[in-house]
2 protein chains.
Amino acid sequence: MDQTKNRQIVLASRPKGMPSKENFRFVEGPVPTPGQGEFLVRTAYVSVDPYMRGRMNDAKSYVPPFPLEKVIVGGVIGRVVASRHPDFQEGDIVTGRLGWQDYSISNGEGVHKVSPAAAPVTTALGILGMPGLTAYFGLLEIGQPKPGETVVVSGAAGAVGTVVGQIAKLKGCRVVGIAGSEEKIAYLTNELGFDAAINYKSDNLRQVVKDACPDGVDVYFDNVGGTITDVVMTQLNYQARIVICGQIALYNLEKPDVGPRILSQLLINSAMMKGFIVSDFKDKTREGLAQLTTWLQEGKLRYRENIVEGFENIPEAFLGLFRGENIGKQLVKIADL
Amino acid sequence: MDQTKNRQIVLASRPKGMPSKENFRFVEGPVPTPGQGEFLVRTAYVSVDPYMRGRMNDAKSYVPPFPLEKVIVGGVIGRVVASRHPDFQEGDIVTGRLGWQDYSISNGEGVHKVSPAAAPVTTALGILGMPGLTAYFGLLEIGQPKPGETVVVSGAAGAVGTVVGQIAKLKGCRVVGIAGSEEKIAYLTNELGFDAAINYKSDNLRQVVKDACPDGVDVYFDNVGGTITDVVMTQLNYQARIVICGQIALYNLEKPDVGPRILSQLLINSAMMKGFIVSDFKDKTREGLAQLTTWLQEGKLRYRENIVEGFENIPEAFLGLFRGENIGKQLVKIADL
C-alpha cells in the first residue's frame, strides 16, 4: 500500500434507522507528522463495535456523537512508526481509540502498549480489551453472580456475551445463552461450556426460556433489549440483577419503541437493573485486565475472532454486527502489524 | 357496638380492573377465644394501603394473594383484651397485620407493642410503621441521596411520599414532589418544605418536570409508574438511582400496559433501578424506627392522617386510595382504643 497517504473513513451522514454504506465516506490525506509530545501510529487492526451505532446519532448517549465529516473514532491496534513522546518508542505496539484511518497522531492519552508476550495482540480489542472488561465488570460488579445461580446472557455469541458466559461458569453458575443461529447455539454449548443456549427465533420463546431456566433467572446480562428481554423479565427470581450492557435490537429503530412495562416485574421481585459503560469502572481496569489475562493464560477462557481483511471492508464489517453475522469479536485487518 | 359479635370483611371476588364494593362482603361471627400462647386483640384502627390491591389478584406478587372468603389481612392498631401469651398483657396496645375485623387472635408473630409515650399511636400505621419504614429504607438504602442532589418523588402526598421528601430534605437534597391536586401541591411546598411540587395533570408534563429539575434527576422514588415515570425517566443524570416502591397507576389495569422502553435510558446514564418491599430490610427495622422516631420527636418530620370513622367505611376508604383522595396516611377508626 501507499505509505505516503492516509486513508480515512468519515461520517458522511447520520443514519435514520439501519445504517448503510452511504453514511460513510472514504477520503485520503497526507500522513500526519507528530509534534513534540506526540507519536504516529500505523493502524493494523480496526475494531467495529455495536456501541458505535449510538455515536452516529446526534443525540445524548453515554459517549458524544461522532461529528459529521470527521474520522470515525474507534478502537485500533497499531505500531508506533515515529515518536516525539518520551513514553512511546518506534516499534511499540499500542491500542487506543484512534479511528478508522491508516495513520493516527496521539499524545498518549487513552493509548496503551500491548505486549505480544501476554497473548495474541488482537485480544487487546477483544477479550483483553473493551469487550472483555465490559463483560468482567458488568457481570461481577453489577450482576454479582453466586454459585448455583442461573445467569442468562443475550447476544451470547458476541464479543461481550461469550466472555460473560464463561466467567459465570467460572463462578459456578448455570449459564444460559441466547443467540440468533444454530451455529452460535452449537458454539456456546459445545465449545464454551454453556449449560444451555436458546435460539431467540424459536417459537414460543417464553416457554423455551422457562424450560432452560427451571429455577428462574438470578442474573440477566442484556446486550440486546426488545422482545428477548421482555421474555426474560417474566422469569426473574427474588432479588434478581439485570445488567444492561447493550440494546442492539433497538439501535436501528427509527422511532423509540414501546413494550411491556417492566417496573412491576422489578417491584414484585425486589429486582435490580443497572445500565453501565466500561469506563464506569476505569479505576479497576488494571485488576480486571490482570484477572482476564490470568484466566486466558490458564486456558479457562476461550475466544473467537472474526477478522475481515481490507480497509475498504470496514463499513461492511460494522454493518454486519447488526445482521448478527459475527461469532466472537469482529475485527478488520488493514495492514500487517 | 355489640361486643359479642366479630364483624369481618372478606374477599368476595377478585376485581377485574378497578375494585369495587362488590369485591368485599361483610360477615359476622362470634368473638374468638384465645388458646394457650395466644391473645385476643380488639381492633381500633384499620390501615388501608395501595399494596393490598395486588393481593386481591390471583397472581404472583411480593405477597401471596388474599384467599377468597377469608378476612382481608392488613395492618391494624388495637388493644389486647384477653391474653394467654406470656409477652402480651391485657391492656397492651399492639400493631400487626391482623385484618379487617373487630377481633383478632394472634400468637404474637408479627405483632408489636406500641408505646403511646413515643408518639400518637396511629403513627404506628404511618410514619412510624410500614409506610415510614418503606420511605426510609427505599430512599436511603436504595436511592442513596447525596447533599445537593435532586430527588423526585411521585405519589408525593401519600403516606410514603410525604416521608420520602422530608427525609431527602434532611439529607440536603433539592426535593420535587409529583401529585395530583392543587391542594396536595400546596401541602408539599407550604407545609412539608418541598422545593417544588408538580401537578401531574399539567399540560406538557415533560417541560414542567424539566423546569422543576434544572440540574436533572439524581434519585427518583416511584410510587406511581406509568406515564409519570416515563417523563421522569427522560431527565435522569449519570448514575441516577430509581427506587420502585409502587406502581399504583398500573394496579387497576385490566391488561398489562405498554409504554416507552426505558432500558436505553438506564444504559446511557449508567442508571440503576431497583424494586423493593419493606421486608427486604427487616434486619434493620429497629434502626429505621429509632431514627424516624427521633426525627419525629425533634419536629424534623411532619405527617398528616386522614381518619374515616366506621367499620362499614373500610372498603370505601380503600377504594379512595385509587382515586387519589387522601393526603398522608389513610386510616379507618372502628372503635375507641
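Residues numbered from 1 in each chain as written. Chains lettered and ligands numbered in written order. Predicted model: local features only at pLDDT ≥ 70, side-chain atom pairs only at ≥ 80, totals over all residues.

We now examine the packing of helix H2 (residues 130–143) of chain A against helix H8 (residues 285–297) of chain A. All names here are of chain A. At a minimum axis distance of 10 Å, the contact between H2 and H8 shows a crossing angle of 100°. Comparing the axis directions of H2 and H8 gives the class roughly perpendicular. Two secondary-structure elements touch here, H2 through Gly-132, Leu-133, Tyr-136 and Phe-137 and H8 through Thr-285, Gly-288, Leu-289, Gln-291 and Leu-292. Here the contact of H2 with H8 is composed, by residue class, of five nonpolar, four polar and no charged. (Axes fitted to C-alpha atoms, helices over the stretch in contact; angles between N-to-C directions. Helix = DSSP H or I, 4+ residues; strand = E, 2+ residues; numbered from the N terminus. Parallel < 35°, antiparallel > 145°, perpendicular 65-115°, else oblique. Contact = placed C-beta atoms within 7 Å. Nonpolar A, V, L, I, M, F, W, Y, C, P; charged D, E, K, R; others polar.)

Many structure descriptions define interface size as the accessible area lost when the parts assemble. Residues and elements named next belong to chain A. One can read the domain layout of chain A as domain 1 (5–124 + 303–333) and domain 2 (130–279). Placing the centre of domain 1 and that of domain 2 at their C-alpha centroids yields a distance of 28 Å. The interface of domain 1 with domain 2 comprises 16 residues on the first partner and 17 residues on the second. The class makeup of the residues in the side of domain 1 that touches domain 2 is seven nonpolar, six polar and three charged. (Domains from an automatic or database assignment.)

Here the focus is unusual backbone geometry. Residue and element names in this part refer to chain A. For Glu-69, which is not glycine, the phi dihedral falls at a positive 65°. Inspection of the secondary structure puts Glu-69 in the loop between helix H1 (52–55) and strand S4 (75–83). Glu-69 gets classed as exposed once you count the C-beta atoms within 10 Å, which come to 11. (Buried ≥ 20, exposed ≤ 12 C-beta atoms within 10 Å, placed from the backbone.)

Below, the discussion takes up the environment of Val-208 of chain A. All names here are of chain A. Structurally, Val-208 is set in helix H5 (residues 205–212). On the basis of neighbour count, Val-208 is assigned to the partly exposed category, with 17 C-beta atoms found within 10 Å. In sequence terms Val-208 and Val-231 are 23 residues apart; their C-alpha atoms lie 9.8 Å from each other. Residues within four places of Val-208 in sequence aside, it is in contact with Ile-198 and Ser-202.

Comparison of the two chain copies shows a relationship of rotation about an axis with a shift along it. After a rotation of 180° and a shift along the axis of 0.0 Å, chain B superposes on chain A with an RMSD of 0.0 Å. The superposition operator between the copies reduces to a two-fold rotation axis. Most of the interface of chain B is mirrored in chain A: 100% of its interface residues are interface residues there too. (Least-squares fit on C-alpha atoms with pLDDT ≥ 70 in both.)

Let us look at the interface of chain B and chain A. In this complex, chain B contributes 29 residues to the contact, which on the side of chain A involves 29 residues. If you tally residues by element for the side of chain B that touches chain A, the top one is helix H7 (residues 263–268) of chain B, at five residues. Of the residues in the side of chain B that touches chain A, the class split is 15 nonpolar, nine polar and five charged. By the bridge criterion, three bridges tie strand S14 (residues 272–275) of chain A to strand S14 (residues 272–275) of chain B in an arrangement that is antiparallel. Bridging across to S14 of chain B, Lys-274 of chain A finds its partner in Met-272 of chain B. (Pairing = 2+ DSSP bridges.)

We now examine the sheet that holds S14 of chain A. With respect to topology, 12 strands assemble into an open sheet ordered S10(A)-S9(A)-S8(A)-S11(A)-S12(A)-S14(A)-S14(B)-S12(B)-S11(B)-S8(B)-S9(B)-S10(B), the strand pairing being mixed. Every other strand in the sheet has two partners, leaving strand S10 (196–199) of chain A together with strand S10 (196–199) of chain B as the edge strands with one partner each. Pairs of neighbouring strands in the sheet enclose a mean axial angle of 15°, with direction left out of account. Across five bridges, strand S11 (residues 217–222) of chain B lies against strand S12 (residues 236–244) of chain B in parallel orientation. What sits directly across from Val-217 of chain B, in S12 of chain B, is Leu-236 of chain B.

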